[in-house]
Amino acid sequence: MKLIGSLTCPYVRKIRIILAEKNIKHEFDVDIPWNTDTHVANHNPLGKVPVLIMNDGKTLFDSRVIAEYLDDLEGAIPASRLIPESGSARWRVKRWEALADGICDATATIFLERKRPDTQQSPEWIVRQHKKIDLGLAAAAMELGGNDWCEGKTITLADIALGCATGYLAFRFPQIEWRKSYPNLTKLIDKLEQRESFISTAPRDYAS
Ligand code: GSF
């Protein structure tokens, strides 16, 4: 199977971390959907990454669908699931993912808005997105509390998604100092960032 994505996209990173954590063999094609030479729309009519091309040539998007698909694959190691199979734990993990992806959405929206000419930017729109980030992080910290992981006793998709969200926020807006406000989140994120799956997928600009 082949994953198509960019090196900066947090949703792509989420999938790359799942592939690494579960040791799933795959190819990775870098394609930047904003570039004129992109082929992403040939695989996803929405023109967005990540896209997964499965072994039968069919495609999957978006990242939440791909995450479910990869977690359901038989024979993936380690055997432990990143999304609980059923019950309330499953929905809690999916909720965490939605919260984390929402923080990414708001961060990406600000980043794109700021790239527009000054006169076309909407300060109100930017403030609205900042509020989503602030309240999203506050909710994450409150829900994490004193736990070692977002859900249960080991890493799940919830932690991966959250780590991708804070990693993307730090990459785009390092001046937002959430670490000082939330020591419990900091502890979890520091722990995640020591994993090989996080180290090898850290967002980076193409020029460097
Ligand atoms: C979001 C994908 C997305 O917005 C998912 O896969 O979880 N809900 C989707 N990807 C961005 C790249 S990113 O760095 O935000 C994308 O491909 N944008 C291109 C476009 O034309 O919107």
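Residues numbered from 1 in each chain as written. Predicted model: local features only at pLDDT ≥ 70, side-chain atom pairs only at ≥ 80, totals over all residues. Heavy atoms only, no water.

Chemist: Which parts of the structure should I look at to understand the site of the ligand?
Modeler: What surrounds the ligand is the set Cys9, Pro10, Tyr11, Pro33, Trp34, Gly47, Lys48, Val49, Pro50, Asp62 and Ser63. Val49 has a polar backbone atom sitting 2.9 Å from a nitrogen atom of the ligand. Between a nitrogen atom of the ligand and a side-chain N or O atom of Asp62, the distance comes to 3.1 Å. Compared with its free state, where it exposes 540 Å², the ligand has 80% of that area covered by protein. Looking at the shell around the ligand residue by residue, the class counts come to 7 nonpolar, 2 polar and 2 charged. (Near = heavy atom within 4 Å. Polar contact = N/O pair within 3.5 Å; in protein donor to acceptor, adjacent residues only side chain to side chain. Areas by Shrake-Rupley, 256 points an atom, 1.4 Å probe, with all protein chains shown as cover. Nonpolar A, V, L, I, M, F, W, Y, C, P; charged D, E, K, R; others polar.)

Chemist: Got a minute to help me understand the side chain of Lys14 in this structure?
Modeler: For Lys14, the location among the structural elements is in helix α1 (residues 10-21). Overall, the relative accessible area of 1% leaves Lys14 in the buried class. In this structure Lys14 touches Ser63, Arg64, Glu97, Asp101, Leu157, Ile160, Ala161 and Cys164, once residues within four positions along its chain are discounted. (Helix = DSSP H or I, 4+ residues; strand = E, 2+ residues; numbered from the N terminus. Buried < 20%, exposed > 50% of the residue type's maximum accessible area, 1.4 Å probe, protein only. Contact = heavy atoms within 4.5 Å.)

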